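# An overview of the molecular structure
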Amino acid sequence: MQRAKLLEGRVVAAGLHQRTKARVAELRRRGVEPAVTFFRVGEDPASELYVRMKEKRAKDLGILSEVIAMPSSTTERELLTRLEEKNRDSRIHGILVQMPLPRQIRTEAVCQTIDPSKDIDGFHPINAGKLLLGDPSGFPPCTPAGICEIFRHYGLVTAGAEVVILGRSNIVGKPLAALLLAKGPQGDASVTVLHSQSRHIPEHCRRADFLIAALGKAEFVRGDMIKAGAVVVDVGVTRLLDSSLPGESRIVGDVHFSEACQVAGWLTPNPGGVGPMTIAMLLANTVKAAERSAGCGAD
Ligand SMILES: NC(=O)c1ccc[n+]([C@@H]2O[C@H](COP(=O)([O-])OP(=O)(O)OC[C@H]3O[C@@H](n4cnc5c(N)ncnc54)[C@H](OP(=O)(O)O)[C@@H]3O)[C@@H](O)[C@H]2O)c1
């Protein structure tokens, strides 16, 4: 019997896209054309797909977008030079470099080179620092911000709640912890962050009012690790070969969906949960960058 209500990220993202589209129209009325550059290095099929999806969605919203595809032999210096060109180009408001990068290019060097005011992924140390300090003038990373937006949409209040996050990466676990720990109506949680060296993981998970799984381990969270009625968010994306359909693969999250459905109060489907929110926040950040450069907008 299904108990959990679904947190439909796809629906929340559609609403956010509508609001972003209205902001794009307002910018265009003022003569500003919001524009984003996506960099892709190498021929990773998943990266190609992600960039295509982002580009298509940007176009749907009226945001100008360009993709700069570079070969896998690109040197770090070559990529940084192209990034510096786009930093100087006042027509471009947002810059994104699709990860992962080939081994010869350091992710930190890339994150540090993008102008913080165009850093729509929110990975630049200045934006990471602003997030930790609770300064709203930065860009929050898209996946954690998207998760908070889902909570806001469904009226799920984290204030005073026990939040357990599985995973401490710089793109999901750590920034999400900072957002949920921040003072204010969208935060105020008591946050525990777990990782590969953590002990007693099931015990920690079982006391969580909000359990967020972002470790990239297929179906790691089983039903008996979830507190009855908890909010469960599945960030993980693992592609598994489907033994019943040779040559086919399927996406599996970090949460065992059918078991979690019977225990959790709220649960993100996967796909259709966190993924659509990541792109929606990215394009909202692009428009925010364009509004700031034009000296208009909400902040
Ligand atoms: N849907 C989306 O939009 C979206 C966006 C971003 C990421 N993702 C997905 O989310 C997942 C996590 O992404 P990520 O970039 O944060 O991954 P990551 O950089 O690989 O980090 C994984 C984290 O999980 C921890 N971990 C690994 N195995 C563990 C275990 N057995 N027990 C406890 N902790 C464990 C690691 O601990 P250590 O730090 O100790 O190594 C690390 O902190 C991936 O499946 C990714 O594809 C989805």
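Since the model is a prediction, treat every value here as computed from it, not as a measurement.

Close contacts around the ligand come from 19 residues, with Arg168, Ser169, Ser196, Val237 and Thr278 the closest. Ser169 has a polar side-chain atom sitting 2.5 Å from an oxygen atom of the ligand. Between the ligand and His195, the relevant distance is 3.4 Å, taken from a nitrogen atom to a main-chain nitrogen or oxygen of the residue. Considered on its own, the ligand offers 920 Å² of accessible surface; in the complex 69% of this is hidden by protein. Its residues assigned to classes, the shell around the ligand shows 8 nonpolar, 9 polar and 2 charged.

It is worth spelling out helix H6 (residues 142-153) at this point. End to end, H6 covers 16 Å across 12 residues, agreeing with the expected 16 Å (1.5 Å per residue, within 8%). In terms of burial, H6 is a largely internal element, 10 of the 12 residues being buried. For H6, the complete set of buried residues consists of Cys142, Thr143, Pro144, Ala145, Gly146, Ile147, Cys148, Glu149, Ile150 and Phe151. Where the residues of H6 are buried, they touch helix H1 (9-29), helix H7 (173-181), strand S7 (210-213), strand S8 (231-234) and helix H10 (274-294). In the segment just after H6, Gly155 is the residue with positive phi, at about 70 degrees.

What follows deals with the environment of Val235. Summarising the element assignment, Val235 is placed in the loop between S8 and strand S9 (238-241). With 18 residues separating them in the primary sequence, Val235 and Gly253 have C-alpha atoms 6.8 Å apart. In contact with Val235, other than residues within four places in its own chain, are Thr143, Ile147, Val172, Ile212, Ala213, Ala214, Asn270 and Val274.

Right, let's get into the state of the cysteines. By the definition in use, this model includes 0 disulfides. Between Cys148, a free cysteine, and Cys142, which holds the nearest cysteine sulfur, the sulfur-to-sulfur gap is 12 Å. A relative accessible area of 8% places Cys148 in the buried class. A disulfide-free cysteine, Cys261 has its sulfur positioned 17 Å from the sulfur of Cys205, the nearest such atom. Residue class for Cys261 comes out buried when judged on its relative accessible area of 5%.

This paragraph deals with the pairing of strand S3 (residues 64-70). In the sheet, strand S2 (residues 35-41) pairs with S3 via 7 bridges, with the strands oriented parallel. Pairing of Phe38 across the sheet is with Val67, part of S3. At this point the chain moves from S2, through helix H2 (residues 45-60), to the parallel S3, and the crossover so formed is right-handed.

For helix H3 (residues 76-88), spanning 13 residues, the distance from its first C-alpha to its last is 19 Å, which sits close to the expected 18 Å at 1.5 Å a residue. Buried residues of H3: Glu76, Leu79, Leu80, Leu83, Lys86 and Asn87, and no others. Axial view of H3: buried residues confined to an arc of 120 degrees, hence all on one face. Check the buried side of H3 and you find it contacts S2, S3, strand S4 (94-97) and helix H4 (107-113).

A few words on the side chain of Thr158. When you line up the elements, Thr158 lands in the loop between H6 and strand S5 (162-166). Overall, Thr158 belongs to the buried group, its relative accessible area being 3%. One polar contact links the side chain of Thr158 to the main-chain carbonyl oxygen of Gly187, over a distance of 2.8 Å. For Thr158, the residues in contact, after removing those within four places along its chain, are Phe151, Leu180, Pro185, Gln186, Gly187, Asp188, Ala189 and Phe210.

Before going further, it helps to examine the packing of aromatic side chains. One pass over the structure, following the stated rule, counts 2 aromatic pairs. A centroid spacing of 5.0 Å and a plane angle of 70 degrees characterise the contact between Phe151 and Phe210, whose relative ring orientation is edge-to-face. Residue Phe151 is located in helix H6, and its partner Phe210 is located in strand S7; the two are separated by 59 residues in the primary sequence. You'll find Phe151 and Phe210 in the same group, each marked buried. Geometry around Trp266 places Lys5 over its ring, the cationic atom sitting 4.8 Å from the centre. The ring of Phe139 carries Arg292 above its face, with NZ or CZ at 5.0 Å from the centroid.

Criteria and cut-off values
- Residues numbered from 1 in each chain as written.
- Predicted model: local features only at pLDDT ≥ 70, side-chain atom pairs only at ≥ 80, totals over all residues.
- Heavy atoms only, no water.
- Near = heavy atom within 4 Å.
- Polar contact = N/O pair within 3.5 Å; in protein donor to acceptor, adjacent residues only side chain to side chain.
- Areas by Shrake-Rupley, 256 points an atom, 1.4 Å probe, with all protein chains shown as cover.
- Nonpolar A, V, L, I, M, F, W, Y, C, P; charged D, E, K, R; others polar.
- Helix = DSSP H or I, 4+ residues; strand = E, 2+ residues; numbered from the N terminus.
- Expected span 1.5 Å × (residues − 1).
- Buried < 20%, exposed > 50% of the residue type's maximum accessible area, 1.4 Å probe, protein only.
- Contact = heavy atoms within 4.5 Å.
- Disulfide = S-S within 2.5 Å.
- Pairing = 2+ DSSP bridges.
- Right-handed = clockwise from strand over helix to strand, strands pointing away.
- Arc of directions from axis to C-beta.
- Phe/Tyr/Trp six-rings, centres within 6.5 Å; stacked < 30°, edge-to-face > 60°.
- Lys NZ or Arg CZ within 6 Å of the ring centre and 35° of its normal.

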